[in-house]
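Next come the chains, spelled out residue by residue.
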Amino acid sequence: MKKISLSIISLFCILFVTAQRKTQNLVIVTLDGMRWQEIFGGVDSAIIVNKKFTRDSQQITKFFSGSDISERRKKLFPFLWGTLCQQGQLYGNRWEGSNVNNANPYWFSYPGYNEIFTGYPDSAINSNNKNLNPHENVLEFINKQSGYNGKVAAFSTWDCFPYILNKWRSGIYVNSDVDSIHLNAPGMQLVNDMQFLSPRPIDVRPDVLTYFAGREYLKAYKPKVLYIAFDETDDFAHGGMYDQYLKSAHSEDAMIADLWNTLQSMPEYKNCTTLLITCDHGRGDKIKEQWTSHGSHVEGSNQIWIAAMGPDTKPLGEIKNNPQLYQRQIATTIAALLGFNFKPSHPVIEPIQTILP
Ligand SMILES: [Zn+2]
């Protein structure tokens, strides 16, 4: 009798939890090497007046500067601080006691993206070389679930993503750099032509073309999980071009706003899609001009941030004084948002509970 009533209770709980969860689609966006310092503090007034890093200080000051932190960060990231902050959650403001870190010991791209998607900061993943990732990733796991097969797609600027996500094994659609876009969708031919004619200022296709390829794919194929990986911020920071780093960040924020508006205009996505935004690694501080760089030799470049917004994520805004979070929790969080329990053969840890219903 006790057994029966317990099963009825657990069945009720399952139904209740399922009914509670509204997320049916997930969109993930990453900004490569985007510092939390600018996300939460806006432009750094010391770096914008340094002619070595900012050629036209006056113009950048006019665009992005402000009398306080909240004005500055909103000028640089209008969507994050105008919309997402009202409707979602932002983690990573260390000035307010919100710490998010890489768990991997390397603090550069491949180990970071591996950690995001496999949840496993494997110390053997230690280079940016085009090595096939041996570990199952959460996008691959979702693609195997009923109703999701063939409904998971990734668009990236950096041409290492087919290897990081191991598209040959995972079976998910990955379109990177100048992979021709053989898709039957309006606008695709134009994007395809433009990526081959682009002057490629960072030696891969510009982020805006990665974005348009992803957006047009979304409209035509209606994936349930879409990942867009931007890259320009990292490249311009390495080049010591603080002005261009800021402009790329601002433009990526605008593309995310356009993406969110597109999602909310489509019945398949409206009010049933969660948006998750993060980065692969941080960068150094302005002291000793280390903001241009990252890696285990650069202090603080393991400091990252996470933003989330959707029908199941409470509108808590900027999170303060939260327990330490790690990048590896994103993998299990992605699965949990869609109601799945990501349990690969490698070790993973619990999702970020506060993002979930
Ligand atoms: Zn880098």
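Now for a look at the structure at hand. Every residue gets a number counted from 1 within its own chain, in the order that chain's sequence is written. Given that the model is predicted, a residue must reach a pLDDT of at least 70 before its local features are reported, and side-chain atom pairs must reach 80 or more before they are shown or counted; all residues, however, enter totals for whole chains, interfaces and linings.

What about the overall build of the chain?
Here comes step 1: A tally of regular secondary structure across the chain gives 15 helices and 11 strands.
Here comes step 2: Seen through its principal axes, the chain has C-alpha atoms that stretch 75 × 45 × 45 Å.
Here comes step 3: Around each residue's C-beta, the other C-beta atoms within 10 Å are counted; 20 or more make the residue buried, 12 or fewer make it exposed, and counts in between make it partly exposed. All C-beta atoms are placed from the backbone. Out of the 357 residues in the chain, the part that is buried amounts to 50%.
Here comes step 4: In this description, a residue-residue contact is defined by the distance between C-beta atoms placed from the backbone, which must lie within 7 Å. The long-range share in the chain, meaning contacts at least 24 apart out of those at least 6 apart in sequence, stands at 68%. To qualify as a helix, a DSSP run of H or I must reach at least 4 residues; to qualify as a strand, a run of E must reach at least 2; elements of each kind are numbered from the N terminus.

Concerning unusual backbone geometry
Here comes step 1: The residue Trp107 is not glycine, and still its phi comes out positive at about 65 degrees.
Here comes step 2: Position of Trp107 among the secondary structure elements: in the loop between strand E3 (100-101) and helix H7 (109-118).
Here comes step 3: Even without a glycine there, the phi angle at Arg200 is positive, about 50 degrees.
Here comes step 4: Here Arg200 lies in the loop between helix H11 (188-197) and helix H12 (207-221).
Here comes step 5: Classification of Arg200 by C-beta neighbours within 10 Å gives partly exposed; the count is 13.

A look at H7
Here comes step 1: Buried residues dominate H7, accounting for 10 of its 10 residues.
Here comes step 2: Taken as a whole, H7 has its buried residues at Ser109, Tyr110, Pro111, Gly112, Tyr113, Asn114, Glu115, Ile116, Phe117 and Thr118.
Here comes step 3: As for H7, its buried residues are in contact with helix H8 (138-143), helix H9 (161-164), strand E7 (273-278) and helix H15 (329-337).
Here comes step 4: Residue Gly119 follows H7 closely and has a positive phi angle near 75 degrees.

Points about the sheet that holds strand E2 (residues 88-91)
Here comes step 1: If you trace the eight strands from one edge of the open sheet to the other, you get E5-E4-E6-E1-E7-E9-E2-E10, paired in mixed fashion. Looking at strand neighbours, the two that pair on one side only are strand E5 (173-176) and strand E10 (317-318), the edges of this open sheet.
Here comes step 2: Should DSSP find at least two bridges between two strands, the strands are regarded as paired. Here two bridges tie E2 to E10, and the two strands are oriented parallel to one another. Across the sheet, Gln89 pairs through a bridge with Gly317, a residue of E10.
Here comes step 3: The sheet contacts of helix H6 (residues 78-87) involve E2, strand E9 (306-309) and E10, and relative to E2 the element is tilted by about 110 degrees. Lines fitted to the C-alpha atoms define the axes, with helices restricted to the stretch that makes contact. Angles between their N-to-C directions range from 0 to 180 degrees.

Considering the environment of Leu76
Here comes step 1: If you trace the backbone, Leu76 turns up in helix H5 (residues 69-76).
Here comes step 2: Residue contacts for Leu76: discarding those within four places in its chain leaves Glu38, Gly42, Val43, Phe64, Leu246, Ala249 and His250.

Points about the sheet that holds strand E8 (residues 303-304)
By way of backbone hydrogen bonds, the strands of a sheet pair with one another, either parallel or antiparallel.
Here comes step 1: The three strands lie next to each other as E8-E3-E11, forming an open sheet whose pairing is mixed. Lying at the two open borders of the sheet, with one neighbouring strand each, are E8 and strand E11 (325-326).
Here comes step 2: Here E3 runs beside E8; their pairing, made up of two bridges, is antiparallel. Of the residues in E8, the one forming a bridge with Val100 is Ile304.

Here we look at the packing of H12 against helix H14 (residues 242-264)
Here comes step 1: Relative orientation of the contacting elements H12 and H14 amounts to 5 degrees, with a least axis distance of 11 Å. Here H12 lies roughly parallel to H14, going by the angle between them. Residues Asp207, Val208, Tyr211, Arg215 and Leu218 of H12 form the contact with H14, whose own contacting residues are Ser248, Ser251, Glu252, Met255, Leu259 and Thr262.
Here comes step 2: Following the grouping adopted for this structure description, the nonpolar residues are Ala, Val, Leu, Ile, Met, Phe, Trp, Tyr, Cys and Pro, the charged ones are Asp, Glu, Lys and Arg, and the polar ones are all others, Gly among them. Grouping the constituent residues of the contact of H12 with H14 by class yields five nonpolar, three polar and three charged. Working rule for angles: under 35 degrees goes down as roughly parallel, over 145 as roughly antiparallel, 65 to 115 as roughly perpendicular, anything else as oblique.

Remarks on the packing of H6 against H14
Here comes step 1: Relative to each other, H6 and H14 sit at 35 degrees, their axes nearing to 8 Å. The residues of H14 that touch H6, namely those facing Pro78, Phe79, Leu80 and Thr83, are Asp253, Ile256 and Ala257.
Here comes step 2: Its residues assigned to classes, the contact of H6 with H14 shows five nonpolar, one polar and one charged.

What about H15?
Here comes step 1: Where burial is concerned, most of H15 is hidden: nine out of the nine residues are buried.
Here comes step 2: Of all the positions in H15, only Gln329, Ile330, Ala331, Thr332, Thr333, Ile334, Ala335, Ala336 and Leu337 are classed as buried.
Here comes step 3: Elements that come into contact with the buried residues of H15 comprise strand E1 (25-31), H7, H8, E7, E9 and E11.
Here comes step 4: Just past H15, the residue Gly339 takes up positive phi, approximately 85 degrees.

Notes on the nonpolar core
Here comes step 1: Defined on buried residues, the nonpolar core groups Ala, Val, Leu, Ile, Met, Phe, Trp, Tyr and Cys residues joined through C-beta atoms within 7 Å. Among the nonpolar cores identified, the biggest contains 98 residues, and Leu80, Val138, Leu139, Ala154, Trp305, Ile334 and Ala335 are the most heavily contacted of them.
Here comes step 2: Looking at which element gives the most residues to this core, the answer is H14, with nine residues.
Here comes step 3: Setting aside anything within four residues of it in sequence, one finds Trp305 in contact with Trp36, Ile39, Tyr91, Gly92, Val100, Thr278 and Cys279.

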